[in-house]
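# Tertiary structure, described
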Amino acid sequence: MSDTNFPTHVAIVMDGNGRWAKKRHLPRVIGHQAGMKALERTIDNAKDLGIRYLSVYAFSTENWKRAHSEVQGLMGLFRYYLQGKIEKMHRKRARIRFVGKMDVFPDDIREIVAVAEEKTRHNEDIDVIVCTNYGGRQEILDAVQKIVESGNKGPFTEDMLRAYLYAPDVPDPDLLIRTGGEFRISNFWLWQSAYTEYYFSDLYWPDFDKSELERALVSYAGRERRYGTA
């Protein structure tokens, strides 16, 4: 693939952890644990393939509606993997960033996040954007609210709104991958994905591997992005 048909930013909706576990008669938290391993593997693969930005939908604003035990299990995995793997990510020159409304998380998790972001801030091989307690509609509402609070009277432009998004410096996703056999984007990168190409995989997220990532990249390479010009 040439640089002209290779994505700069790949976004992933990591779906299917629970169904992966159910199929194996295992607790859902085991599926999430396998999903964390798949994420670690995917970060390595994305970096090796030359993807500059990788964003993942880790926890949506709607996920709080899940069973309390499952949410608590996810928080425990979040603590464990972030604390245990941040040094490895730093050695790989990966920058870790978190996008979403982090103020609702316990103090210890917010502290871990702050340490991870600061430690990896100057790494430039790959940016990993972890969308946590994130919702696309909420992001747009927050941007509008910030514009109002700034006292800006307009004229209102796309560039103005973009400046108030959670990560305005991150380029729009070129390719969005969703695993788990579902065909929706579930409130992910709503503003940014206006011209994003999509790839839907039947694999549950814990089974996602380098071969499937490469298939998605090959699919992307065969498309012509016209941005409404033809």
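Described in the following lines is the structure provided in the data block. For clarity, every value in this text was computed on a predicted model and none was experimentally measured. (Residues numbered from 1 in each chain as written. Predicted model: local features only at pLDDT ≥ 70, side-chain atom pairs only at ≥ 80, totals over all residues. Heavy atoms only, no water.)

### Considerations on the packing of helix H2 (residues 28–49) against helix H7 (residues 210–221)
What counts is decided by this rule: With axes taken as lines fitted to C-alpha atoms, and helix axes fitted only over the stretch in contact, angles between N-to-C directions fall between 0 and 180 degrees. Strands here are runs of E lasting at least two residues and helices are runs of H or I lasting at least four, both read from the DSSP assignment and numbered beginning at the N terminus. Relative orientations are named as follows: roughly parallel for angles under 35 degrees, roughly antiparallel for angles over 145 degrees, roughly perpendicular for angles from 65 to 115 degrees, and oblique for any other angle. The sense of a crossing depends on the near helix, which, turned anticlockwise from the far helix by less than a right angle, makes the crossing left-handed and, turned clockwise, makes it right-handed. What makes two residues a contact is simply this: any of their non-hydrogen atoms within 4.5 Å. Asp, Glu, Lys and Arg are counted as charged, while Ala, Val, Leu, Ile, Met, Phe, Trp, Tyr, Cys and Pro are counted as nonpolar; the rest, among them Gly, fall into the polar class.
One way to put it is that H2 packs onto H7 with a least axis distance of 10 Å and a crossing angle of 45°. Taken together, the axis directions place H2 and H7 in an arrangement best described as oblique. Crossing of H2 over H7 shows right-handed handedness. On H7, the residues touching Asn45, Ala46 and Leu49 of H2 are Lys210, Leu213, Glu214 and Leu217. Of the residues assigned to the contact of H2 with H7, the class counts are four nonpolar, one polar and two charged.

### Things to note about the side chain of Arg95
What counts is decided by this rule: For every residue, the accessible area (1.4 Å probe, protein chains only) is compared with the maximum for its type, and the residue is labelled buried under 20%, exposed over 50%, or partly exposed between those bounds. Only four residue types enter the tally: Lys and Arg on the positive side, Asp and Glu on the negative side, with His and both chain ends excluded. A side-chain nitrogen of Lys or Arg and a carboxyl oxygen of Asp or Glu constitute a salt bridge if their distance falls within 4 Å.
Relative to the helices and strands, Arg95 is located in strand E3 (residues 94–99). The charged side chain of Arg95 is buried without a salt bridge, its nearest counter-charge being Asp127 at 4.0 Å.

### Details of unusual backbone geometry
For Arg93, which is not a glycine, the phi torsion comes out positive at approximately 65°. Mapped onto the elements of the fold, Arg93 is located in the loop between helix H3 (68–91) and E3. One non-glycine residue with positive phi stands out, namely Asn187, at about 70°. Within the secondary structure, Asn187 is located in the loop between strand E5 (175–178) and strand E6 (197–200).

### Quick notes on the nonpolar core
Applied cut-off: To qualify as a nonpolar core, a set must consist of buried Ala, Val, Leu, Ile, Met, Phe, Trp, Tyr and Cys residues joined through side-chain atoms within 4.5 Å.
Judged by nonpolar contacts, the single largest core of 40 residues is most densely connected at Val10, Ile12, Leu54, Ile96, Phe98, Leu175 and Ile177. Judged by nonpolar contacts, the second largest core, of 13 residues, contains Val99, Ile129, Leu176 and Trp189.

### Examining the packing of H2 against H3
Running from N to C, H2 and H3 point in directions that differ by 25°, and their axes come no closer than 10 Å. One element, H2, and the other, H3, form an angle in the roughly parallel class. As for the relative orientation of H2 and H3, their crossing is right-handed in sense. Two secondary-structure elements touch here, H2 through Arg28, Val29, His32, Gln33, Met36, Lys37, Glu40, Ile43 and Asp44 and H3 through Glu70, Gly73, Leu74, Leu77, Tyr81, Lys85, Lys88 and Met89. Of the residues that constitute the contact of H2 with H3, the class distribution is seven nonpolar, three polar and seven charged.

### Some remarks on the pattern of salt bridges
If the charged atoms of two oppositely charged side chains come close together, the side chains can form a pair. By the definition in use, this model includes 24 salt bridges. Between Arg110 and Asp107 there is a salt bridge, with the nearest N and O atoms lying 2.3 Å from each other. Of this pair, Arg110 and Asp107 both sit in helix H4 (residues 107–119), three residues apart, roughly one helical turn. Since its relative accessible area comes to 33%, Arg110 is described here as partly exposed. Of the residues examined, Asp107 reaches a relative accessible area of 57% and is grouped as exposed. The shortest N-O distance in the salt bridge between Glu118 and Arg121 comes to 3.1 Å.

### Brief notes about the sheet that holds E3
Rule in force here: Any two strands between which DSSP finds at least two bridges are classified as paired.
Pairing is parallel across the open sheet formed by six strands, whose spatial order is E3-E4-E2-E1-E5-E6. Two strands in the sheet have a free side with no partner beyond their single neighbour: E3 and E6. Ignoring strand direction, the axes of neighbouring strands in this sheet form an average angle of 20°. Most of the contacts of H3 go to E3, to which it runs at about 150°, and overall it touches strand E2 (53–60), E3 and strand E4 (126–134).

### A few points about the side chain of Glu40
Put simply, the test is: Polar contacts, as used here, are pairs of N or O atoms within 3.5 Å; protein pairs need one atom able to donate a hydrogen and one able to accept it. Residues neighboring in sequence count only if both atoms are side-chain atoms.
Summarising the element assignment, Glu40 is placed in helix H2. Within polar-contact distance, the side chain of Glu40 engages the side chain of Lys88 at 2.7 Å. Dropping the residues within four chain positions of it, Glu40 is found in contact with Tyr81, Lys85 and Lys88.

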